[in-house]
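Now for the letters of each chain:
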Amino acid sequence: MFAVTRLRVTAEQAEVLADAVAGLLAALGARPGFRGGELGRSTDDPTLWALVTRWDGVGAYRRGLSAAEVKIAGAPVWVHALDEPGAYLTE
């Protein structure tokens, strides 16, 4: 499965966001079932970013996000998240 979290930040916040995502990906990397992730900026809107993560399954994803160290590392990232569904099963 994969998860997409879209984030909106100002141009001034972009570097701070990238640093925060690096910390979050490091915390996620220690979680069982985490396969990888990446951050990208929209080509059409420079204030819109997407964080894509890949997981072994829904259970690994939910357990990974519930870990205390992930919640702490993720707080400065998720404060910029758009409120929309983001988890997808691969067929």
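Scroll up to find the structure this text is about.
This is a predicted model, so every value here is computed, not measured.

S.K.: With reference to specific residues and values, describe the sheet that holds strand β3 (residues 48-55).
M.R.: Sheet architecture is open: four strands sit in the order β2-β3-β1-β4, paired in antiparallel fashion. Sheet topology places β2 (34-41) and β4 (87-88) at the edges, where each strand pairs with a single neighbour. Here seven bridges tie β2 to β3, and the two strands are oriented antiparallel to one another. Its bridge partner being in β3, G36 is matched across the sheet by R54.

S.K.: Go over the packing of helix α1 (residues 14-29) against helix α3 (residues 68-78) with me, naming the residues and quoting the values.
M.R.: Put simply, α1 and α3 touch, their axes get as near as 8 Å, and they point 160° apart. Relative to α3, the element α1 is oriented roughly antiparallel. As for the relative orientation of α1 and α3, their crossing is left-handed in sense. Only E69, V70, A73, G74, P76, V77 and W78 of α3 make contact with α1, whose side of the interface consists of L17, A20, V21, G23, L24, A27 and L28. Taken together, the residues that form the contact of α1 with α3 break down as 11 nonpolar, two polar and one charged.

S.K.: I'd like a rundown of the pairing of β3, residues and numbers included.
M.R.: Where strand β1 (residues 2-8) lies against β3, seven bridges are found, and the strand directions are antiparallel. Looking at the pairing, F2 lines up with R54 of β3. Two successive antiparallel strands, β2 and β3, enclose a turn made up of six residues.

S.K.: Give me the lowdown on the nonpolar core, citing residues and values where you can.
M.R.: One finds L17, L24, W55 and V77 to be the most contacted residues of the largest nonpolar core, which totals 21 residues. Of all the elements in the fold, those that place two or more residues in this core are β1, α1, β3, α2 (58-66) and α3. Ranked by residues supplied to this core, first place goes to α1 with seven residues. Contacts of V77, omitting those with residues within four sequence positions, involve L7, L17, A20, V21 and L24.

S.K.: I'd like a description of the packing of α2 against α3, backed by residues and values.
M.R.: Axis separation between α2 and α3 bottoms out at 6 Å; the angle between their running directions is 85°. It follows that α2 is roughly perpendicular to α3 by the angle criterion. Along the contact surface, α2 presents G64, L65 and S66, while α3 presents A68, V70, K71 and W78. Here the residues of the contact of α2 with α3 are counted per class, giving four nonpolar, two polar and one charged.

The rules behind each value
Residues numbered from 1 in each chain as written. Predicted model: local features only at pLDDT ≥ 70, side-chain atom pairs only at ≥ 80, totals over all residues. Heavy atoms only, no water. Pairing = 2+ DSSP bridges. Helix = DSSP H or I, 4+ residues; strand = E, 2+ residues; numbered from the N terminus. Axes fitted to C-alpha atoms, helices over the stretch in contact; angles between N-to-C directions. Parallel < 35°, antiparallel > 145°, perpendicular 65-115°, else oblique. Left-handed = near helix turned anticlockwise from the far one by under 90°. Contact = heavy atoms within 4.5 Å. Nonpolar A, V, L, I, M, F, W, Y, C, P; charged D, E, K, R; others polar. Core = buried A, V, L, I, M, F, W, Y, C linked by side-chain atoms within 4.5 Å. Buried < 20%, exposed > 50% of the residue type's maximum accessible area, 1.4 Å probe, protein only.

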